[in-house]
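# Geometric and topological summary
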Amino acid sequence: MQDRIEKIVQDVYENGYAVVENFLTEDFRKELLAEQQDLLEHGQFRHAGVGKGDAFTIRPEIRSDKVMWMDHLQLTPLQAQYWNMVEEIRVAINQRCFLGLRSFEAHFAMYPPGSFYLRHLDQFQQVKYRVVTIIIYLNDSWTDADEGKLRMYLPQEDGEEKILDIMPEGGTLVVFLSAEIPHEVLPTNKQRISITGWLRDIEYS
């Protein structure tokens, strides 16, 4: 685990992002997926929106996923185990990059077939405290025919952008700077499951 975390930190420091396949053990991934499916079946997910606070609105033409936010004070044992993994990443990034990361927030995200999320940045006016985005995919299997890739637009020194498409294969971890890398979720042909979260430069309120 420590070697992989060091590689994550190095890649984020040098490139602004990191992608790690098989970050979770297969057993742990399956347990998290089973918990997500149980929460979904019991109606715990809600339509995701855009904006924050009074500016929050449901905009299906922009994003059409469903989410269930985790409460850091009432984490399940499995959620707490994942939280602890992210905590190791937080500490390591702070030691190398001096980003002042203080807390983590996250939700389960489920994209039903046909859903998407148009290009956006995770840090905007209402959420300037989001500094580093962390996504872990939980799907059992994924093929090119399933679509639903994460498309990242990587800024280049010449002002151009390089497109990087990442298949949401179960166990893959994606980490990137929230304010610097625009991204989108391309339309998916199959239910697409992840935990999406953000390391923040504020304490829990």
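The sections below set out a description of the structure shown in this document. What you are looking at is a predicted structure, and each value in this text was computed from that prediction instead of being measured. In this convention, every chain numbers its residues from 1, walking through the sequence in written order. Predicted model: local features are reported for residues with pLDDT of at least 70 only, side-chain atom pairs are reported and counted for 80 or more only, and whole-chain, interface and lining totals are derived from all residues. Where side-chain values are given, they derive from all heavy atoms of the structure, hydrogens and water being excluded.

## A closer look at the pattern of salt bridges
Stated formally: By convention in these notes, a salt bridge is any Lys or Arg side-chain nitrogen within 4 Å of a carboxyl oxygen on Asp or Glu. Here a strand is any run of E in DSSP of at least two residues, a helix any run of H or I of at least four, and the numbering for each starts at the N terminus. Throughout this description, buried means an accessible area under 20% of the type-specific maximum (1.4 Å probe, protein chains only), exposed means over 50%, and partly exposed covers the range between.
If you walk through the whole model with that rule in mind, you get 11 salt bridges. The partner of Glu105 in a salt bridge is Arg200, with the nearest N and O atoms 3.2 Å apart. Remark: Arg200 occurs in strand β11 (residues 192–200) and Glu105 occurs in strand β4 (residues 103–111); sequence separation between them is 95 residues. For the residue pair Glu105 and Arg200, the accessibility class agrees, reading buried in each case. Two residues, Lys190 and Asp146, come together in a salt bridge whose shortest N-O distance is 3.3 Å. One end of the pair, Lys190, is in the loop between β10 (183–185) and β11; the other, Asp146, is in the loop between β6 (130–137) and β7 (150–155), and 44 residues separate them in sequence. Residue Lys190 is classed as partly exposed on the basis of its relative accessible area, which comes to 27%. Sharing partners across several salt bridges, the network here consists of Glu26, Arg29 and Asp140.

## Considering the side chain of Thr196
Stated precisely, the cut-off is as follows: The contact criterion used throughout is that any non-hydrogen atoms of two residues lie within 4.5 Å.
Structurally, Thr196 is set in strand β11. In this structure, Thr196 is in contact with Glu105, Ala106, His107, Ala109, Ile134 and Ile135, ignoring residues within four places of it in sequence.

## Focus on the environment of Asp65
What counts is decided by this rule: For the purposes of these results, a polar contact is taken to be a pair of N or O atoms within 3.5 Å, where, inside protein, one atom must be able to donate a hydrogen and its partner to accept one; residues adjacent in sequence count only when each atom of the pair is a side-chain atom.
For Asp65, the position within the fold is in the loop between β2 (46–47) and β3 (66–69). For Asp65 and Met85, which are 20 residues apart along the polypeptide, the C-alpha to C-alpha distance reads 25 Å. Reaching out from Asp65, the side chain makes a polar contact with the side chain of Arg63 at a distance of 2.7 Å.

## Digging into helix α1 (residues 2–15)
Operational definition: Multiplying 1.5 Å by the residue count of a helix minus one yields the expected span of that helix. This arc is built from the directions going out from the helix axis to the C-beta atoms.
The terminal C-alpha atoms of α1 lie 20 Å apart, and with 14 residues this matches the ideal 20 Å at 1.5 Å per residue to within 8%. Buried within α1 are the following residues: Ile5, Ile8, Val9, Asp11 and Val12. For α1, the angular spread of the buried residues around the axis is 165°, confining them to a single face. For α1, the exposed residues set more than 90 degrees away from the buried face come down to Asp3 and Glu14. Taken together, the buried residues of α1 touch β1 (17–20), α3 (77–97) and β9 (173–177). Just downstream of α1 lies Gly16, where phi reads positive at about 90°.

## Structural notes on the sheet that holds β3
In any sheet, the strands associate via hydrogen bonds between backbone groups, in a parallel or an antiparallel arrangement. Cut-off, in case you're wondering: Here a strand pair is declared whenever DSSP counts at least two bridges between the two strands. Axis definition: a line fitted to C-alpha atoms, over the contacting stretch in the case of helices. Angles run 0 to 180 degrees between N-to-C directions.
With antiparallel pairing, the seven strands of this open sheet are ordered in space as β1-β9-β6-β11-β4-β3-β2. Two strands in the sheet have a free side with no partner beyond their single neighbour: β1 and β2. With nine bridges connecting them, β4 and β11 associate as antiparallel partners. Its bridge partner lying in β11, Tyr111 is registered against Arg192. Sheet strands in contact with α1 are β1 and β9, and its direction is about 145° off that of β1. Packing of helix α2 (residues 26–41) onto the sheet brings it into contact with β3, β4, β6 and β11, and relative to β4 it is tilted by some 70°.

Geometric values such as these leave the question of function open.
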